[in-house]
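# Results of the structural survey
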Amino acid sequence: MGSQYSKRYSEEFKRDAIALARSSDKTITEVARDLGVSPESLRGWVKRDRVDQGGGTSGELTSAEREERSGCAGRTPSSRRRSRS
């Protein structure tokens, strides 16, 4: 079972990890182990980067599209609450 706290990695670290995973002859699991991250995290970063670069399947959202959608959450008229006076 994993830790109850998730680690946060900088965008620079993720970019470097993705580049290493792509350029290495090692498997994702081996690269992840070398970097001290979980293989699932590294796979997710590589997949997200592939989608962001236009290599995703039809219907997959890029990071910018996901962020735009999440930024709009809660702004619909039906979700506004009126305060009682």
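Above this text you will find the structure in question.
Before going into details, it helps to say that this report is about the structure given with it. All values reported here derive from a predicted model rather than from experimental measurement.

### A look at the nonpolar core
If you look at the biggest cluster of nonpolar residues, it comprises 9 residues: Ala17, Ile18, Ala21, Val31, Ala32, Val37, Leu42, Trp45 and Val46. Breaking this core down by element, the ones donating at least two residues are helix 1 (11–23), helix 2 (28–35) and helix 3 (39–55). Those residues in contact with alanine 21, other than ones at most four positions away along the chain, are Ile28, Val31, Leu42 and Val46.

### Examining the pattern of salt bridges
Following the criterion strictly, the structure yields 3 salt bridges and no others. Aspartate 49 is the partner of arginine 22 in a salt bridge, and the nearest nitrogen-oxygen pair spans 2.5 Å. Remark: aspartate 49 occurs in helix 3 and arginine 22 occurs in helix 1; sequence separation between them is 27 residues.

### A look at the packing of helix 1 against helix 2
Taken N-terminus to C-terminus, the directions of helix 1 and helix 2 make an angle of 140°; their axes are 10 Å apart at the nearest point. Taken together, the axes of helix 1 and helix 2 lie oblique to each other. Handedness of the crossing formed by helix 1 with helix 2: right-handed. Here Phe13, Ala17, Leu20 and Ala21 of helix 1 come into contact with helix 2, specifically with Ile28, Val31 and Leu35. Residues that form the contact of helix 1 with helix 2 fall into these classes: 7 nonpolar, no polar and no charged.

The rules behind each value
- Residues numbered from 1 in each chain as written.
- Predicted model: local features only at pLDDT ≥ 70, side-chain atom pairs only at ≥ 80, totals over all residues.
- Heavy atoms only, no water.
- Core = buried A, V, L, I, M, F, W, Y, C linked by side-chain atoms within 4.5 Å.
- Buried < 20%, exposed > 50% of the residue type's maximum accessible area, 1.4 Å probe, protein only.
- Helix = DSSP H or I, 4+ residues; strand = E, 2+ residues; numbered from the N terminus.
- Contact = heavy atoms within 4.5 Å.
- Salt bridge = Lys/Arg side-chain N within 4 Å of Asp/Glu carboxyl O.
- Axes fitted to C-alpha atoms, helices over the stretch in contact; angles between N-to-C directions.
- Parallel < 35°, antiparallel > 145°, perpendicular 65-115°, else oblique.
- Left-handed = near helix turned anticlockwise from the far one by under 90°.
- Nonpolar A, V, L, I, M, F, W, Y, C, P; charged D, E, K, R; others polar.

Geometric values such as these leave the question of function open.
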